[in-house]
Amino acid sequence: SGRYAGFWHMHPPQRLAGSWGPADGPSFPDMEIAKEHGQSLVLVFDPAGFDLYDLSLLAGREPDLSKILKISYRSEKWRRRFQRLFDRSFPRS
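Residues numbered from 1 in each chain as written. Predicted model: local features only at pLDDT ≥ 70, side-chain atom pairs only at ≥ 80, totals over all residues. Heavy atoms only, no water.

K.L.:
Just to check I follow, could you spell out the side chain of D46 for this structure?
P.N.:
Looking at the secondary structure, you find D46 in strand β5 (residues 41–46). There is a polar contact of 2.9 Å between the side chain of D46 and the backbone nitrogen of A48. Contact partners of D46, with chain neighbours within four places excluded, come to P22, R74 and W78. (Helix = DSSP H or I, 4+ residues; strand = E, 2+ residues; numbered from the N terminus. Polar contact = N/O pair within 3.5 Å; in protein donor to acceptor, adjacent residues only side chain to side chain. Contact = heavy atoms within 4.5 Å.)

K.L.:
Just to check I follow, could you spell out the packing of aromatic side chains for this structure?
P.N.:
The description of an aromatic ring pair rests on the distance of the ring centres and on the angle between the ring planes. Enumeration over the complete set of coordinates arrives at eight aromatic pairs. Relative to F90, the ring of W20 lies with its centre 5.8 Å away and its plane at 80°, an arrangement referred to as edge-to-face. With W20 in strand β4 (residues 19–21) and F90 in the segment after α2 (76–89), this residue pair connects regions lying 70 residues apart in the sequence. By relative accessible area, F90 is classed as partly exposed at 26%. Ring centres of F86 and F90 lie 5.0 Å apart, and the angle between their planes is 45°; on these two criteria the pair is classed as tilted. Feature note: the residues F45, F50, Y73, W78 and F82 constitute an aromatic cluster, connected by ring pairs. It is R81 that lies over the ring of F82; its NZ or CZ is 5.5 Å from the centre. (Phe/Tyr/Trp six-rings, centres within 6.5 Å; stacked < 30°, edge-to-face > 60°. Buried < 20%, exposed > 50% of the residue type's maximum accessible area, 1.4 Å probe, protein only. Lys NZ or Arg CZ within 6 Å of the ring centre and 35° of its normal.)

K.L.:
So what exactly am I meant to see when it comes to the pairing of strand β6 (residues 49–54) here?
P.N.:
Sheet faces and side chains relate simply in a regular strand, where the side chains alternate between the two faces. Burial along β6 is one-sided: G49, D51 and Y53 are buried, while F50, L52 and D54, pointing the other way, are not. Bridge count between β5 and β6: six bridges; the pairing is antiparallel. When the sheet's bridge partners are listed, L41 is paired in β6 with D54. Hairpin connection between β5 and β6: a loop of two residues separates the two successive antiparallel strands. Direction of pairing for β6 relative to strand β7 (residues 69–74): antiparallel, over a ladder of six bridges. Following the sheet pairing, D54 is matched in β7 by L69. (Pairing = 2+ DSSP bridges.)

Structure below.
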């Protein structure tokens, strides 16, 4: 499950049959934290990389997905690495 540590938050992968699945993007509570505190980063797992959401533009405003800045990273090397970790952690019978 995700854990708050300061003003950043991580959304971990979902466990699916045979591999990891992507996590959901920023939640309403994530956006409320940014609104109240003026900053919040959300790092969201993807099987082939991650998405980093900067919610700082929501400071003092109502949640608005169009105001969120997003940086995405994807890599085949990343996908293979996390698939190997999945295969070791959840071996098939």
